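An overview of the molecular structure
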Amino acid sequence: MIKVLIVDDSQVIQEFLTHLFSSDPDIQVVGIASSGEEAIELVKVKKPDVITMDIHMPGMDGYEATRTIMETFPTPIVIVSGSSSIKEVTNTFRFLEAGALAVVSRPPGFEHLQFTASRQELIQTVKLMSEIKVVRLFSRSRKEQIKPPLLVQPFGNDVRRIQIIAIGASTGGPIALQIILSKLPADLPVPVLIVQHIATGFVKGFLGWLSATSGIKLKIAEDGELISAGIGYIAPENFHMGVSLGRKIILSNQPPENGSKPSVSCLFRSVAQTFGSNALGVLLTGMGKDGAGELKDMKNKGALTVVQNEESSVVFGMPGEALRIGAADYALSPEMIAKVLAKAGSKK
């Protein structure tokens, strides 16, 4: 049984979530907290496998509660948001900086057309997060960060031939992406294509949050648009993303691949076919194996391939699988990956 602690100050929402989780035989609600302070105390006593966390609560809010729990009793935390406001959703991603693993929408009422799908997404997320036994919290203070060792150009002059960067990520990816993108130069001479597994309804908020610190301009990819240097294109939700020989974005409504849509595998496969040895593929933290086999396809075609190392990954599933099958040239931290990407396409 997966033990879940519900944290929400609304009794109606508490009962609603309890009903949802109780309908699944693999989940047991072991406690309900109405405030951040109460949540911290219950974590000590109940030792839940997963916590679902509300954002706004009287006294200690969800952000402070998340940060405190991750500093004292690290436990997988899923932020359950009931807001559809872009500004509110953008702000929700701050919780990932505090150590939360995922953000999902609270399912609508029972009569809503999207209820079943939204309920399934919430339950599946809770189950997946329960499998993460060790949660690592990225330090957000520059003073507290351990300075990574200097990168001695692992690819040498090979990075100069790069014409495109493709990045794939899942669980834990947003923070890794934030670190990487914040260190890229605004005049990066190549485009960046990004697939991040993310809950429905959150991609615009994700874009807003990332854009606040990104060194390059970011946008949600549009079908048929011509890719340009110094711009990061984020795959829209519920569409696979690829690129054509004419350097145009291709969005596809094909079924999910490896359980995901957008799929990292689709992006890497397309980039391998279109750019061959002139591409750089990066596979970041995430559960499962999406993108691992296709990263090897990229490597086989002469592309440069990198995965996030185990020490910095929240979940080492995707990068670990890539290493296992020999798909990666290097395993590096997000900071080190950023140093490699910053040199891509450079003639200096």
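Residues numbered from 1 in each chain as written. Predicted model: local features only at pLDDT ≥ 70, side-chain atom pairs only at ≥ 80, totals over all residues. Heavy atoms only, no water.

Across its full length, the protein holds 12 helices and 14 strands. A compact globule built from 348 residues would reach a C-alpha radius of gyration of about 20 Å, and the protein, at 20 Å, matches this within 12%. Each principal axis of the C-alpha distribution contributes one length, and for the protein these read about 60 × 45 × 35 Å. The buried share of the protein, reckoned over its 348 residues, is 55%. Within the protein, counting contacts between residues at least 6 apart in sequence, those at least 24 apart form 73% of the total. Counting only carbon and sulfur atoms, one obtains 51% of the accessible surface of the protein, whose full area is about 14900 Å². Within the protein, the 34 negative side-chain charges are centred at a point lying 9 Å from the centre of the 35 positive side-chain charges. (Helix = DSSP H or I, 4+ residues; strand = E, 2+ residues; numbered from the N terminus. Rg over C-alpha atoms; globule rule 2.2 N^0.38 Å. Buried < 20%, exposed > 50% of the residue type's maximum accessible area, 1.4 Å probe, protein only. Contact = heavy atoms within 4.5 Å. Areas by Shrake-Rupley, 256 points an atom, 1.4 Å probe, with all protein chains shown as cover. Lys, Arg positive; Asp, Glu negative; His and termini not counted. Charge placed at Lys NZ, Arg CZ, Asp CG, Glu CD.)

In this section: the packing of helix α7 (residues 173-182) against helix α8 (residues 203-211). Any two packed helices are characterised by the angle at which their axes cross and by the distance between the axes. Where α7 meets α8, the closest approach of the two axes is 10 Å, and the angle between their N-to-C directions is 35°. For the element pair α7 and α8, the recorded crossing hand is right-handed. Between α7 and α8, the residues in contact are P174, I175, L177, Q178 and L181 and F206, W209 and L210, respectively. (Axes fitted to C-alpha atoms, helices over the stretch in contact; angles between N-to-C directions. Left-handed = near helix turned anticlockwise from the far one by under 90°.)

Once that is clear, we can look at the nonpolar core. In terms of nonpolar packing, the biggest core is built from 86 residues, with F21, M53, I165, I167, L280, L284 and L341 touching the most fellow members. At six residues, α7 tops the list of elements feeding residues into this core. I231, A303, V307 and A322 belong to the second-largest nonpolar core, a separate cluster that totals 30 residues. (Core = buried A, V, L, I, M, F, W, Y, C linked by side-chain atoms within 4.5 Å.)

Turning next to the confidence of the model for the protein. Scored by pLDDT, the protein has a mean of 91; 92% of the residues are at 70 or more. In this model, residues 136-153 is a region of pLDDT below 50 whose contacts with residues beyond four sequence positions or in other chains number 29 contacts. (pLDDT = per-residue confidence, 0-100.)

Looking now at unusual backbone geometry. The step from K261 to P262 runs through a cis peptide bond, and the omega angle for that step is 15°. With respect to the secondary-structure elements, P262 resides in the loop between β11 (249-252) and α9 (264-275).

One key point about sheets: their strands pair by backbone hydrogen bonds, in either a parallel or an antiparallel sense. On the basis of which strands lie adjacent, the open sheet formed by seven strands has the order β8-β9-β7-β6-β12-β13-β14 and parallel pairing. Both edges of this open sheet fall to β8 (217-220) and β14 (330-332), since each of them pairs with a single strand only. Pairwise comparison of adjacent strand axes, ignoring direction, gives a mean angle of 20° for this sheet. Bridge analysis of strand β7 (residues 192-196) against strand β9 (residues 231-234) gives three bridges, and the strand direction is parallel. (Pairing = 2+ DSSP bridges.)

With respect to the element layout, E225 can be found in the loop between β8 and β9. Among the polar contacts listed, one links the side chain of E225 to the backbone nitrogen of E222, at a separation of 2.6 Å. Here E225 is in contact with K219, I220, Y233, R247, K248 and I249, once residues within four sequence places are set aside. (Polar contact = N/O pair within 3.5 Å; in protein donor to acceptor, adjacent residues only side chain to side chain.)

With that settled, consider the sheet that holds strand β2 (residues 27-33). Sheet architecture is open: five strands sit in the order β2-β1-β3-β4-β5, paired in parallel fashion. The open sheet terminates on both sides in strands that have one partner only, identified here as β2 and β5 (102-105). Going from strand to strand, the sheet's axes swing by 25° on average, the running direction of each strand aside. In the packing of helix α2 (residues 36-46) onto the sheet, contacts are made with β1 (2-7), β2 and β3 (50-53), and the angle to β2 comes to roughly 140°. Relative to β3, helix α3 (residues 62-72) is tilted by about 160°, and along the sheet it contacts β3 and β4 (77-81).

To continue, consider the environment of R247. Relative to the helices and strands, R247 resides in the loop between β10 (240-243) and β11. Sequence spacing of R247 and I164 is 83 residues, and the spatial spacing of their C-alpha atoms is 9.8 Å. Setting aside its immediate chain neighbours within four residues, R247 contacts Q163, P191, E225, L226, I227 and F275.

With that out of the way, let us pick up the packing of aromatic side chains. One pass over the structure, following the stated rule, counts eight aromatic pairs. Summarising the aromatic geometry, the rings of F16 and F110 are spaced 5.3 Å apart at their centres and angled 75° between planes, so their arrangement reads as edge-to-face. Of this pair, F16 sits in helix α1 (residues 11-22) while F110 sits in the loop between β5 and α6 (115-130), and the two are 94 residues apart along the sequence. Judged by relative accessible area, which is 12%, F16 ranks as buried. Using a relative accessible area of 46% as the deciding quantity, one classes F110 as partly exposed. On the basis of an interplanar angle of 25° and a centroid distance of 5.6 Å, the ring pair of F93 and W209 is categorised as stacked. Residue F93 is located in the loop between α4 (86-92) and α5 (94-97), and its partner W209 is located in helix α8; the two are separated by 116 residues in the primary sequence. Accessibility expressed as a relative area gives 2% for F93, which makes it buried. A relative accessible area of 6% means that W209 is categorised as buried. Members of the aromatic cluster, connected to one another through ring pairs, are F93, F202, F206 and W209. (Phe/Tyr/Trp six-rings, centres within 6.5 Å; stacked < 30°, edge-to-face > 60°.)

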